Amino acid sequence: MFPGFASRVKEEIRKKNYKYHFNKVNNPLIVLPDGEGTDDEDLYNLVNILNQETSKQNGYSHVIKEDRTNIFKKHVEGSPVILIKSITTLPHPSHIVYKAITDLKIRRQWDKVFSELKCIENEGAETGEILYMIIKAPGVFANRDFVQRKKVWKNYPDPTSTLIHFVSVEHPHFPAQKKLVRAETIISGYYLKDYGDGRTLLVIISQTDIKGNIPSSVVNKFAPSSSKDWIESLHKGCQMFRF
């Protein structure tokens, strides 16, 4: 729709002359070849958070524990909002879970968090797809909107796995509006691993600053339960088109 914007974003990434090397941990969730690095900061940040052990020593608290879902929270230094790490096993193969998350036509049917959700540029691209969304805020608070860039790494780091990363970006055709509060996705990501028996391991990373006059303490209080509710909605969404 807006030719050239996503390609410019991609080109800026290419221009950076750096090589990030992933942090080594004792029991990584995502096993990478020795010495493997990346020139993509988004991938670097996502993999390192996914691999970080959810222990008290690393600042995590185990806030929800159920049969197939465990949710952890962490206070991040320098940020008013917590990071949520959700680990669940869904009774659906990974291609179904992936489609429920990324196919906007399907997602709009089950994900009621958003009052508006659309791709504004480069639809279907694995790198550089730009999304616009609005969520309804409770009570008298102003609704929030987001502009996010989505990246996908399929078959990474092995054929059974997929990584998805979201982060807030600016877009010249979707500036902040007075009637809405422009929220910030600090990091949002998914790790899908197909077990090969009809089940999928799904790990969700989320740290979002919704800005405005809703106290961070309120947002932090309800973030874990909101993540749990979202997982249940995703499960129902997978059931909607699986059969």
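Residues numbered from 1 in each chain as written. Predicted model: local features only at pLDDT ≥ 70, side-chain atom pairs only at ≥ 80, totals over all residues. Heavy atoms only, no water.

A.B. asks: Looking at this structure, how should I read the overall build of the protein chain?
C.D. replies: Broken down by element type, the protein chain carries five helices and twelve strands. Computed over its C-alpha atoms, the radius of gyration of the protein chain comes to 18 Å, within 12% of the 18 Å expected for a compact globule of 243 residues. Taken along its principal axes, the extent of the C-alpha atoms in the protein chain is 50 × 45 × 45 Å. Residue burial in the protein chain is summarised as follows: out of 243 residues, 48% are buried. For the protein chain, the share of sequence-separated contacts (at least 6 apart) that also reach a separation of at least 24 residues comes to 54%. Across the protein chain, the 35 positively charged side chains and the 28 negatively charged ones have centroids separated by 4 Å. (Helix = DSSP H or I, 4+ residues; strand = E, 2+ residues; numbered from the N terminus. Rg over C-alpha atoms; globule rule 2.2 N^0.38 Å. Buried < 20%, exposed > 50% of the residue type's maximum accessible area, 1.4 Å probe, protein only. Contact = heavy atoms within 4.5 Å. Lys, Arg positive; Asp, Glu negative; His and termini not counted. Charge placed at Lys NZ, Arg CZ, Asp CG, Glu CD.)

A.B. asks: Is there a simple way to think about the confidence of the model for the protein chain in this case?
C.D. replies: Any residue range with low pLDDT should be treated as having predicted coordinates unsuitable for detailed reading. Residues at a pLDDT of 70 or more form 92% of the protein chain, whose mean pLDDT is 90. For the protein chain, the element scoring lowest by mean pLDDT is helix H1 (residues 5-15), at 56; strand S5 (residues 83-90) scores highest, at 98. (pLDDT = per-residue confidence, 0-100.)

A.B. asks: Where do I start with the environment of serine 115 in this structure?
C.D. replies: Along the chain, serine 115 turns up in strand S6 (residues 114-121). Residues serine 115 and methionine 133, 18 residues apart in the sequence, show an inter-C-alpha distance of 7.5 Å.

A.B. asks: Even after reading the chapter, I still don't get the packing of aromatic side chains, so can you show me in this structure?
C.D. replies: On inspection of all chains with the given rule, the structure shows six aromatic pairs. In textbook terms, an aromatic cluster arises when at least three aromatic residues are bridged by ring pairs, as seen for Trp110, Phe166, Tyr190 and Trp230. (Phe/Tyr/Trp six-rings, centres within 6.5 Å; stacked < 30°, edge-to-face > 60°.)

A.B. asks: For this particular structure, what's the right way to read the pattern of salt bridges?
C.D. replies: When charged atoms on two side chains of opposite charge get close, those side chains can pair. Using the criterion set out here, one finds 13 salt bridges in the structure. Salt-bridge contacts for lysine 211 lead to glutamate 184; the nearest nitrogen and oxygen are separated by 3.5 Å. Note that lysine 211 is positioned in the loop between strand S12 (200-209) and helix H5 (216-242) and glutamate 184 in strand S11 (residues 184-194), a separation of 27 residues in sequence. Residue lysine 211 is classed as partly exposed on the basis of its relative accessible area of 33%. Overall, glutamate 184 belongs to the partly exposed group, its relative accessible area being 33%. The partner of aspartate 197 in a salt bridge is arginine 199, with the nearest N and O atoms 3.0 Å apart. With relative accessibility at 37%, the residue arginine 199 sits in the partly exposed group. Several salt bridges converge on common partners, so that one network encompasses Asp40, Asp42, Arg149 and Lys151. (Salt bridge = Lys/Arg side-chain N within 4 Å of Asp/Glu carboxyl O.)

A.B. asks: It is not clear to me how the side chain of histidine 165 should be interpreted in this structure. Could you clarify?
C.D. replies: Among the secondary structure elements, histidine 165 is positioned in strand S9 (residues 161-168). Assessed through its relative accessible area of 2%, histidine 165 is described here as buried. Excluding anything up to four places from it in sequence, histidine 165 contacts Asp42, Leu46, Arg149, Lys150, Lys151, Trp153, Ile187, Ser188 and Gly189.

A.B. asks: Hey, could you run me through unusual backbone geometry in this one?
C.D. replies: Apart from glycine, the bulk of residues carry a negative phi angle, and the bulk of peptide bonds sit in the trans form. In this model, tyrosine 156 is joined to proline 157 through a cis peptide bond whose omega is 0°. Tracing the chain through its elements places proline 157 in the loop between strand S8 (144-154) and S9. The backbone of asparagine 155 shows a phi angle near 55°, a positive value even though the residue is not glycine. Considering the arrangement of structural elements, one finds asparagine 155 in the loop between S8 and S9.

A.B. asks: How should I be thinking about the pairing of S12 in this particular structure?
C.D. replies: Regular strands show a simple pattern: their side chains alternate between the two faces of the sheet. The buried count for S12 comes to eight of ten residues, which makes it a mostly enclosed element. Of the strand pairs in this sheet, S5 and S12 are connected by seven bridges, and their pairing is antiparallel. Note that in S12 the partner of threonine 89 across the bridge is leucine 201. Here S11 folds back onto S12, and the loop between the two strands holds five residues, one of which, glycine 196, carries a positive phi near 85°. (Pairing = 2+ DSSP bridges.)

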